[in-house]
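Report on the structure
If you want the building blocks of each chain, they are given just below.
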Amino acid sequence: MATIEVKVQINAPAEKVWEVVSDIDNEPKFWKGTKEVKNISKNDNVINREITIAFRDQKCIQEVTLEPEERIHAKFTKGIINGEKIVSLIPEGETTTLQTIWDIKLTGMMGMFTGMIKKHIKSGTEQAMNSIKEEIER
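In this text, all values refer to a predicted model and were calculated from it rather than measured experimentally.

1. Quick word on the pairing of strand E1 (residues 2-10)
- The alternating pattern of E1 places Ala 2, Ile 4, Val 6, Val 8 and Ile 10 on a buried face, while none of Thr 3, Glu 5, Lys 7 and Gln 9, on the opposite face, is buried.
- Sheet analysis places E1 next to strand E7 (residues 95-106), joined by nine bridges and oriented antiparallel. By the bridge assignment, Glu 5 is partnered in E7 with Ile 101.

2. Some details on unusual backbone geometry
- Phi is positive for Arg 56, close to 55°, though the residue is something other than glycine.
- Residue position: Arg 56 is located in the loop between strand E3 (46-53) and strand E4 (59-67).
- With a relative accessible area of 58%, Arg 56 lands in the exposed category.

3. Digging into the side chain of Thr 97
- Within the secondary structure, Thr 97 sits in strand E7.
- In this structure Thr 97 comes out as buried when scored by relative accessible area, which is 9%.
- A distance of 3.1 Å separates polar atoms of two side chains, one belonging to Thr 97 and the other to Glu 92.

4. Observations concerning the packing of helix H1 (residues 14-21) against helix H3 (residues 114-137)
- Two elements in contact, H1 and H3, have axes separated by 10 Å at closest approach and are oriented at 120°. Relative to H3, H1 is oriented oblique. Here H1 and H3 pass one another in a crossing that is right-handed. Mapping the contact onto sequence places Lys 16, Val 17, Val 20 and Val 21 in H1 and Ile 132, Glu 135 and Ile 136 in H3.
- Among the residues forming the contact of H1 with H3, the class breakdown is five nonpolar, no polar and two charged.

5. Focus: the sheet that holds strand E2 (residues 34-43)
- Ordered in space as E1-E7-E6-E5-E4-E3-E2, the seven strands form an open sheet in which the pairing is antiparallel. Strand pairing shows two members of the sheet lacking a second neighbour, E1 and E2, which therefore form its edges. Here the strands of the sheet are splayed against their neighbours by 20° on average, with no regard to which way each runs.
- The pairing of E3 with E4 spans seven bridges and is classified as antiparallel. In the sheet register, Arg 49 faces E4, and the bridge partner there is Gln 62.
- The strands that H1 touches are E1, E4, strand E5 (71-78), strand E6 (81-92) and E7; relative to E6, the one it contacts most, it runs at about 150°.

Definitions and cut-offs
- Residues numbered from 1 in each chain as written.
- Predicted model: local features only at pLDDT ≥ 70, side-chain atom pairs only at ≥ 80, totals over all residues.
- Heavy atoms only, no water.
- Buried < 20%, exposed > 50% of the residue type's maximum accessible area, 1.4 Å probe, protein only.
- Helix = DSSP H or I, 4+ residues; strand = E, 2+ residues; numbered from the N terminus.
- Pairing = 2+ DSSP bridges.
- Polar contact = N/O pair within 3.5 Å; in protein donor to acceptor, adjacent residues only side chain to side chain.
- Axes fitted to C-alpha atoms, helices over the stretch in contact; angles between N-to-C directions.
- Parallel < 35°, antiparallel > 145°, perpendicular 65-115°, else oblique.
- Left-handed = near helix turned anticlockwise from the far one by under 90°.
- Contact = heavy atoms within 4.5 Å.
- Nonpolar A, V, L, I, M, F, W, Y, C, P; charged D, E, K, R; others polar.

Structure below.
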């Protein structure tokens, strides 16, 4: 498994950060590795969806659980990626630390490339988190 952790401090309260990050249909705007999102079902705060990732336009199925103003837990349940991505909000007075932790591996024969894509995913995550920060602080 590849574990990737990225944090960014945002000059805004958790409530304002949550407004932006919890709009998961808007994910491709910030996360360039996600090309398209298609919701399959929604039950309270759990959304099952199909995402198309930039890596060879592969489709993955995710179960996303929203925990308001705390975290977004995206579990990859089918496709080339196995594992999870957790986006957490850590309130610190008038600022909020936004943290993303990936714990993933590529499935099947692609598993041998997990280490190679780790750097790519980390870079994409840093870019996404900085874009989210800029949007909120604007």
